[in-house]
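For reference, the chains in residue letters:
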Amino acid sequence: MIKTDILIIGAGPTGLFTVFEAGLLKLKCHLIDALPQAGGQCSELYPKKPIYDIPGFPEILAGDLTKNLLEQSRQFEPGFTLGERAETVEKQEDGSFIVTTNKGTKHQAPVVAIAGGLGSFEPRKPLIPNIASFEDKGVEYFIKDPEVYRDKRVVISGGGDSALDWSIFLADIASEVTLIHRRNEFRGALDSVEKVQELTSKGKIKLITPAEVINVIGHNKVEGVVVAQSQHIDKEFIIETDHFIPLFGLSPKLGPIGNWGLEIEKNAIKVDNALDYQTNIPGIFAIGDVNIYPGKLKLILCGFHEATLMCQAAYKIINPGKKYVLKYTTVSGIDGFDGSRK
Ligand code: FAD
């Protein structure tokens, strides 16, 4: 059981900044994210796009904003459960909550902050009838740690940036990389397409187009995939492999949080914005893109503001009766922080 003061669901910009604001109040945080890395939409959807409306930064790349937020939060030593989706919540007799993920990891906290953005990003899965039985047994929809594939045979399918970039990256790590795409043209960056073609001509990537994987074979783990060439649907063949990685993109879904008894409007969680962004369940807050209230704007800086006010309310729940006086952080840093802003 992982225990913390504020359990944050979602490690996007809102969730990451919550760690900093909570840290100033000496509250510990643990974050859960369905993605294998922090940053939410900024790292998953547009890491190389500049953002122009972060106060104090005339321009910053979304990926760099994520790096900075991680750096800013690191001093408060947050915990992370990455690559797991928060699935259920149970209220305990002492008022705390136990949140369990799809992989069975349990977290307990007196306050839950849902910073789930557009929802948990779920991989788009190929329509292969038996694929579910090979998940985590050689079929992976995310690459969490490339070292897993060292000296292994890998089949990747997909036609976007993810499929191209990982094929390029794994060409130096895996013993064999096969990239399969159902069209001859790719959707990814031209530069990446050229690099794949170059590696193909050097024999470091085996490129098969137009084709699709139609079956996975193996006993208890992936041992091969059945491929059909799109032009000759009757022409099927087997590629022996240790891993099959379909990279068909991600789609966000509010998902299981939608069944937690929270008031939902337009696929977002209703909160009391006049007070502290608490939901209809006391002790559960919703901040950032995931919430809705009159006049809501889905912007990063709005998530930062909501996180700040939410932490003040969390402090009162966690330290009932304890007086807290808001002052300011100094330019000299927050070393020796004594529980109040200086
Ligand atoms: P998100 O960034 O969506 O992060 C939420 C995280 O929660 C995700 O990582 C998700 O996996 C996780 N999650 C959700 N449910 C679960 C669950 N059940 N279990 C585990 N994890 C879960 N905003 C600006 O202010 N300026 C801009 O210039 C700007 N440009 C944009 C450009 C694009 C192309 C897009 C798509 C958005 C842009 N935005 C911009 C919007 C901005 O990205 C969002 O407002 C911001 O990301 C919201 O942050 P968040 O932390 O609330 O949610």
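Predicted model, so just to flag it, every value in this text is computed and none were measured. (Residues numbered from 1 in each chain as written. Predicted model: local features only at pLDDT ≥ 70, side-chain atom pairs only at ≥ 80, totals over all residues.)

A. Local environment of the sheet that holds strand S20 (residues 264-265). Judged by pairing direction, the sheet is mixed, and its 3 strands sit side by side in the order S20-S21-S23 without closing on themselves. Each edge of the sheet is formed by a strand with only one pairing partner; in this case those strands are S20 and strand S23 (291-292). (Pairing = 2+ DSSP bridges. Helix = DSSP H or I, 4+ residues; strand = E, 2+ residues; numbered from the N terminus.)

B. A look at the UniProt feature "binding site: FAD" (unreviewed entry) in the protein. Here, the residues flagged by UniProt with the feature "binding site: FAD" (unreviewed entry) are Thr-14, Asp-33, Gln-41, Tyr-46, Ala-86, Phe-121, Asp-289 and Thr-330. Secondary-structure assignment places Gln-41 in helix H2 (residues 40-44). Apart from the residues within four sequence positions on either side, Gln-41 is in contact with Gly-12, Tyr-46, Gly-117 and Leu-118. If near-sequence neighbours (up to four positions away) are discounted, Phe-121 is found in contact with Ala-34, Leu-35, Glu-44, Leu-250 and Pro-252. (UniProt positions renumbered as here; feature names shortened; annotations may be inferred. Contact = placed C-beta atoms within 7 Å.)

C. Inspection of the site of the ligand at higher detail. With respect to spatial proximity, 38 residues lie near the ligand, and among them Gly-10, Gly-12, Gly-40, Gly-117 and Gly-288 are the closest. Mapped onto the shell around the ligand, the elements with two or more residues apiece are helix H1 (13-24), strand S3 (29-33), H2, strand S11 (120-123) and helix H6 (300-318). For the shell around the ligand, the residue count by class is 19 nonpolar, 13 polar and 6 charged. (Near = placed C-beta within 6 Å. Nonpolar A, V, L, I, M, F, W, Y, C, P; charged D, E, K, R; others polar.)

D. Examining the packing of helix H4 (residues 161-170) against helix H5 (residues 190-201) more closely. Running from N to C, H4 and H5 cross one another at 40 degrees; their axes reach a closest spacing of 9 Å. Taken together, H4 and H5 sit at an angle that is classed as oblique. The handedness of the crossing between H4 and H5 comes out as left-handed. In this structure, H4 contributes Asp-161, Leu-164, Asp-165, Ser-167 and Ile-168 to the contact, and H5 contributes Ser-192, Val-193, Lys-195, Val-196 and Leu-199. Across the contact of H4 with H5, the residue classes tally to 5 nonpolar, 2 polar and 3 charged. (Axes fitted to C-alpha atoms, helices over the stretch in contact; angles between N-to-C directions. Parallel < 35°, antiparallel > 145°, perpendicular 65-115°, else oblique. Left-handed = near helix turned anticlockwise from the far one by under 90°.)

E. Representation of the sheet that holds strand S2 (residues 6-9) within the structure. With parallel pairing, 5 strands are arranged side by side in an open sheet as S6-S3-S2-S10-S22. The two strands at the open ends of the sheet, each matched to only one other strand, are strand S6 (79-82) and strand S22 (284-286). Direction aside, neighbouring strands of the sheet carry axes that sit 20 degrees apart on average. Strand contacts of H6: S2, strand S10 (111-114) and S22, with the helix running at about 165 degrees to S10, the strand carrying the most contacts.

F. Here's a closer look at the packing of H1 against helix H3 (residues 62-74). Across the interface, H1 lies against H3 with an axial gap of 8 Å and an inter-helix angle of 25 degrees. Judged by the inter-axis angle, H1 sits roughly parallel to H3. Considering how the two elements wind past one another, H1 and H3 form a crossing that is left-handed. Across the interface between the two elements, Pro-13, Leu-16, Phe-17, Val-19 and Phe-20 from H1 touch Leu-65, Leu-69, Leu-70, Gln-72 and Ser-73 from H3. Per-class residue counts for the contact of H1 with H3 are 8 nonpolar, 2 polar and no charged.

G. Quick peek at the nonpolar core. Core analysis: the biggest nonpolar cluster contains 48 residues, and Ile-6, Val-112, Ala-113 and Ile-114 have the highest contact counts within it. Those residues in contact with Val-112, other than ones at most four positions away along the chain, are Leu-7, Ile-9, Val-89, Phe-97, Val-99, Gly-283 and Ile-284. Core analysis: the next-biggest nonpolar cluster, separate from the first, contains 27 residues, Val-155, Ala-171, Ile-245 and Leu-247 among them. (Core = buried A, V, L, I, M, F, W, Y, C linked by C-beta atoms within 7 Å. Buried ≥ 20, exposed ≤ 12 C-beta atoms within 10 Å, placed from the backbone.)

H. Structural detail: H5. The end-to-end C-alpha distance of H5, which contains 12 residues, comes to 17 Å, matching closely the 16 Å that a straight helix rising 1.5 Å per residue would cover. One or two residues past the end of H5 sits Gly-203, with phi positive at roughly 80 degrees. (Expected span 1.5 Å × (residues − 1).)

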